[in-house]
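# What the coordinates show
Each chain is listed here by its residues.
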Amino acid sequence: MALAVSTVPVAAAGNVGSAFLVAQKPAKAPSGFIGLCARYDWVCSATKARGNVTAEHISLAKTINRTVNRQVKEIEDLRQYGKEEHWALPSARGGDCEDLVLLKKKMLVERGVPSDALLIATVLDRKLNSHAVLVMRTKAGDLVLDNLTNKIKPWKETGYTFLKLQNPKSLNRWDAVLAGGVISDRPTASR
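Summarised in this report is the structure supplied together with it. (Residues numbered from 1 in each chain as written. Predicted model: local features only at pLDDT ≥ 70, side-chain atom pairs only at ≥ 80, totals over all residues. Heavy atoms only, no water.)

One pass over the structure, following the stated rule, counts one disulfide. Residue pairing for Cys-37: its cysteine sulfur links by disulfide to Cys-44, the two sulfurs lying 1.7 Å apart. On the accessibility criterion, Cys-37 (23% relative accessible area) is partly exposed. (Disulfide = S-S within 2.5 Å. Buried < 20%, exposed > 50% of the residue type's maximum accessible area, 1.4 Å probe, protein only.)

Now for the nonpolar core. Core analysis: the largest hydrophobic core is formed by 47 residues, its most contacted members being Phe-33, Val-43, Leu-108, Ile-120, Val-135, Met-136 and Phe-162. When contributions to this core are tallied by element, the ones reaching two or more residues are helix 2 (55–71), helix 4 (97–110), strand 2 (118–124), strand 3 (130–137), strand 4 (142–146), strand 6 (161–167) and strand 7 (170–179). It is helix 4 that contributes the most residues to this core, eight residues altogether. Not counting chain neighbours up to four residues away, the residues in contact with Phe-33 comprise Val-43, Cys-44, Trp-87, Ile-120, Gln-166, Leu-171, Asn-172 and Trp-174. (Core = buried A, V, L, I, M, F, W, Y, C linked by side-chain atoms within 4.5 Å. Helix = DSSP H or I, 4+ residues; strand = E, 2+ residues; numbered from the N terminus. Contact = heavy atoms within 4.5 Å.)

Written as structure tokens, this is what we have:
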């Protein structure tokens, strides 16, 4: 996943201490996301299943996260598609982080989890590599499903720098989040 990232620290006051990722401002969708809603309508369509994420949904998410992580082989887009960035469901050869996110979201939506509670996020991992995860919005806070771990964690416990997130009110739009990781760990001029 290729992203251009500024090295200028940004204070994301809306996210400090929050169990939820808070949008800072509208943002351009990642390049791989362009056209995805037309290809897979469940990525951006509100599902009939409305309401809160239940304990059963969280349990199901743990199972799906583990299963997909175990069964889908990692393969880079360049090797599989001959281009840097291509978001799609995993092929028979496997998929990269965005592909696994899409498969997890599809499986959860098909099993009754509200699609507006399953948000794709772009992040920088602990080594500052571009990465994508699935955020499950619960009443208690945002949980992260990740192909790098079988454990589902609250967003603040991942150590990731959250850059962008699907807008839960309009899944075809994206918002800058700018929270966690290097953003919350670096001082700014105001503190």
